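Structure assessment
Residues per chain, in single letters:
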Amino acid sequence: MTTDADLQCGDIELEGRIMPASNATFVGSIGAVKIVYKPVAGEQPLWDFPDGNLARREVAAYLVSEVLGWDVVPRTWLRDGPMGPGMVQLWQDVDPTQDAVDLVPSDAVPEHGWRHVFDGFDAHDRPVSLIHEDSPELRRMAVFDVITNNADRKGGHVLEMPGGHRYGIDHGLTFHAEHKLRTVLWGWVDEPLTPYELEGVERVRAALAGELGSVLGDLLTEWEISAFAARCDAMLRKPRFPRPRGHMPAIPWPPF
């Protein structure tokens, strides 16, 4: 049996590298537990995330998910590994028969159970539409993305689990102090949050004054934590899903 102490200190055995990925990402195991390992040394800083602090942002996203109480992010932690310090996350076996986010012919958008995001053309100039499911699990992920300022919610960053649960992964581009929200989950624009969703945001905002704020202080800058608190306050003042804003694209590229 693999214990919590093993997860923190046990040997990581690498099995392979996930390709393609802009940052070095490996699949491995700690004892009998399958994990994803992203060494800090393999991070590729971006112009708007120049500090290369991606592993800490991933852990911060997990901690926020835990306070929300919605299990949006699989267990994630920092530790040493074969290529130095990095982020480790529990591997998730998805259901390959499910697609929470999809591209479909524009004349085949389902009437029920799905939300339309935008229309475009595929590589053969055929009209297609980006859609995502209309589910409580995905709504909660969208709320999480707003308050964490997720700049990279691609369709491939949504894991469709057996039984209907949805995990979000790849949260290195979060918590920027400037508005950076880029997501494929725009299907609920202007709709009010449910009381349950609001309670989650309230829990996070309250926790920022205590233990959560203290722990995030080791992972994010003071400026980023202040901006995070401001986003929570803004959502509590106006409890609706926001519209895209700013000059940057509202959807990451590629969207999957």
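None of the values given here were measured: they were computed from a predicted structure.

With that settled, the discussion passes to the overall build of the protein chain. For the protein chain, the helix and strand inventory stands at six helices and 10 strands. The C-alpha atoms of the protein chain give a radius of gyration of 18 Å, which matches the 18 Å a tight globule of 256 residues would have. Each of the three principal axes of the protein chain carries a C-alpha extent, and together these read 50 × 45 × 35 Å. Considering the protein chain as a whole, with its 256 residues, one finds that 50% of them fall into the buried category. By element, 55% of the accessible surface of the protein chain is carried by carbon and sulfur atoms, the whole surface being about 12,600 Å². Computed over 24 positive and 39 negative side-chain charges, the inter-centroid distance for the protein chain is 5 Å.

The next thing to look at is helix 2 (residues 54-68). In this model helix 2 runs 21 Å from its N-terminal to its C-terminal C-alpha over 15 residues, within 8% of the 21 Å that 1.5 Å per residue would give. Among the 15 residues in helix 2, 11 count as buried, and that is most of the element. Taken together, the buried positions of helix 2 are occupied by Leu 54, Ala 55, Arg 57, Glu 58, Val 59, Ala 60, Ala 61, Tyr 62, Val 64, Ser 65 and Leu 68. Trailing helix 2 by a residue or two, Gly 69 shows a phi angle of about 85°, which is positive.

A word on the pattern of salt bridges. Tallied over the entire structure, the rule returns 16 salt bridges. A salt bridge links Glu 58 to Lys 38; the nearest nitrogen and oxygen atoms lie 2.8 Å apart. Within this pair, whereas Glu 58 is found in helix 2, its partner Lys 38 is found in strand 3 (residues 33-39), the two being separated by 20 residues in sequence. An identical accessibility class is assigned to Glu 58 and Lys 38; each is buried. Put simply, Arg 126 and Asp 122 hold a salt bridge, and the shortest N to O gap is 2.8 Å. In this structure Arg 126 comes out as partly exposed when scored by relative accessible area, which is 48%. Each of the salt bridges in this network shares a partner with another, and the network as a whole consists of Arg 115, Asp 134, Arg 139, Glu 191 and Glu 197.

What follows covers helix 4 (residues 195-207). Along its 13 residues, helix 4 runs 18 Å from first to last C-alpha, staying within 8% of the 18 Å computed at 1.5 Å per residue. Along helix 4, the positions that sit buried rather than exposed are Glu 197, Leu 198, Gly 200, Val 201, Val 204 and Ala 207. Tucked into the core, helix 4 has its buried residues touching helix 2, helix 3 (136-148), helix 5 (211-216) and helix 6 (222-237).

Backbone hydrogen bonds hold the strands of a sheet together, and the pairing may be parallel or antiparallel. The three strands lie next to each other as 6-8-7, forming an open sheet whose pairing is antiparallel. A strand with exactly one partner marks an edge of an open sheet, and here the two such strands are strand 6 (101-105) and strand 7 (114-121). On average, each strand axis in the sheet is inclined to that of its neighbour by 30°, with strand direction left out of account. In terms of strand pairing, strand 6 meets strand 8 (residues 127-133) through five bridges, oriented antiparallel. Its bridge partner lying in strand 8, Val 101 is registered against His 132.

Rules and cut-offs
Residues numbered from 1 in each chain as written. Predicted model: local features only at pLDDT ≥ 70, side-chain atom pairs only at ≥ 80, totals over all residues. Heavy atoms only, no water. Helix = DSSP H or I, 4+ residues; strand = E, 2+ residues; numbered from the N terminus. Rg over C-alpha atoms; globule rule 2.2 N^0.38 Å. Buried < 20%, exposed > 50% of the residue type's maximum accessible area, 1.4 Å probe, protein only. Areas by Shrake-Rupley, 256 points an atom, 1.4 Å probe, with all protein chains shown as cover. Lys, Arg positive; Asp, Glu negative; His and termini not counted. Charge placed at Lys NZ, Arg CZ, Asp CG, Glu CD. Expected span 1.5 Å × (residues − 1). Salt bridge = Lys/Arg side-chain N within 4 Å of Asp/Glu carboxyl O. Contact = heavy atoms within 4.5 Å. Pairing = 2+ DSSP bridges. Axes fitted to C-alpha atoms, helices over the stretch in contact; angles between N-to-C directions.

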